Amino acid sequence: MSIDRFILKKLDSCHEEHTRRNLVKLFTLRIKKAEKEENRNLRIG
């Protein structure tokens, strides 16, 4: 299972607000990192 699926699965089942907030932050960081990588690849290719 990918880390992204893991985070989404945990978000779906988690009820503690603090943990949910941290999972959302982590997922947001992963999205931003993927966007930067995609933009870098578009400039190179």
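Residues numbered from 1 in each chain as written. Predicted model: local features only at pLDDT ≥ 70, side-chain atom pairs only at ≥ 80, totals over all residues. Heavy atoms only, no water.

Under the annotation held in an unreviewed UniProt entry, the chain carries the name Fur-regulated basic protein FbpA and is attributed to Paenibacillus rhizoplanae.

## Concerning the overall build of the chain
On a plain count of helices and strands, the chain comes out with two helices and zero strands. Considered along the principal axes of its C-alpha atoms, the chain spans approximately 45 × 20 × 10 Å. Looking at the chain as a whole, 9% of its 45 residues are labelled buried. Carbon and sulfur atoms make up 55% of the accessible area of the chain, which amounts to about 4200 Å² in all. Counting 12 positive and 7 negative side-chain charges, the chain places the centres of these two groups 4 Å from one another. (Helix = DSSP H or I, 4+ residues; strand = E, 2+ residues; numbered from the N terminus. Buried < 20%, exposed > 50% of the residue type's maximum accessible area, 1.4 Å probe, protein only. Areas by Shrake-Rupley, 256 points an atom, 1.4 Å probe, with all protein chains shown as cover. Lys, Arg positive; Asp, Glu negative; His and termini not counted. Charge placed at Lys NZ, Arg CZ, Asp CG, Glu CD.)

## Describing the packing of helix H1 (residues 3-13) against helix H2 (residues 17-44)
Between two packed helices, the angle of one axis relative to the other and the distance separating the axes together describe the packing. The interhelical angle for the contact between H1 and H2, taken along N-to-C directions, is 155 degrees, at an axis separation of 10 Å. Accordingly, the angle class assigned to the pair H1 and H2 is roughly antiparallel. The handedness of the crossing between H1 and H2 is left-handed. Side by side, H1 and H2 meet where Ile3, Asp4, Ile7, Leu8, Lys10 and Leu11 of the first sit next to Arg20, Leu23, Val24, Leu26, Phe27 and Arg30 of the second. Residue composition of the contact of H1 with H2, by class: eight nonpolar, no polar and four charged. (Axes fitted to C-alpha atoms, helices over the stretch in contact; angles between N-to-C directions. Parallel < 35°, antiparallel > 145°, perpendicular 65-115°, else oblique. Left-handed = near helix turned anticlockwise from the far one by under 90°. Contact = heavy atoms within 4.5 Å. Nonpolar A, V, L, I, M, F, W, Y, C, P; charged D, E, K, R; others polar.)

## As for the pattern of salt bridges
Opposite charge on two side chains permits them to pair, given that their charged atoms come into close proximity. Considering all chains together, one arrives at two salt bridges under this definition. Residue Arg30 is joined to Asp4 by a salt bridge in which the shortest nitrogen-to-oxygen separation is 2.6 Å. Taken together, the positions of Arg30 in helix H2 and Asp4 in helix H1 put the pair 26 residues apart, joining distant regions of the chain. A relative accessible area of 29% means that Asp4 is categorised as partly exposed. Glu37 is the salt-bridge partner of Arg40, the closest N and O atoms lying 3.1 Å from each other. Remark: Glu37 and Arg40 occur in helix H2; sequence separation between them is three residues, near one turn of the helix. (Salt bridge = Lys/Arg side-chain N within 4 Å of Asp/Glu carboxyl O.)

## Side note on a nonpolar patch on the surface
Together, Met1, Ile3 and Phe6 make up an exposed nonpolar region whose accessible area comes to about 330 Å². Relative to the helices and strands, Phe6 resides in helix H1. (Patch = residues over 30% accessible without salt bridge, like charges linked within 9 Å, V, L, I, M, F, W, Y side chains within 5 Å.)

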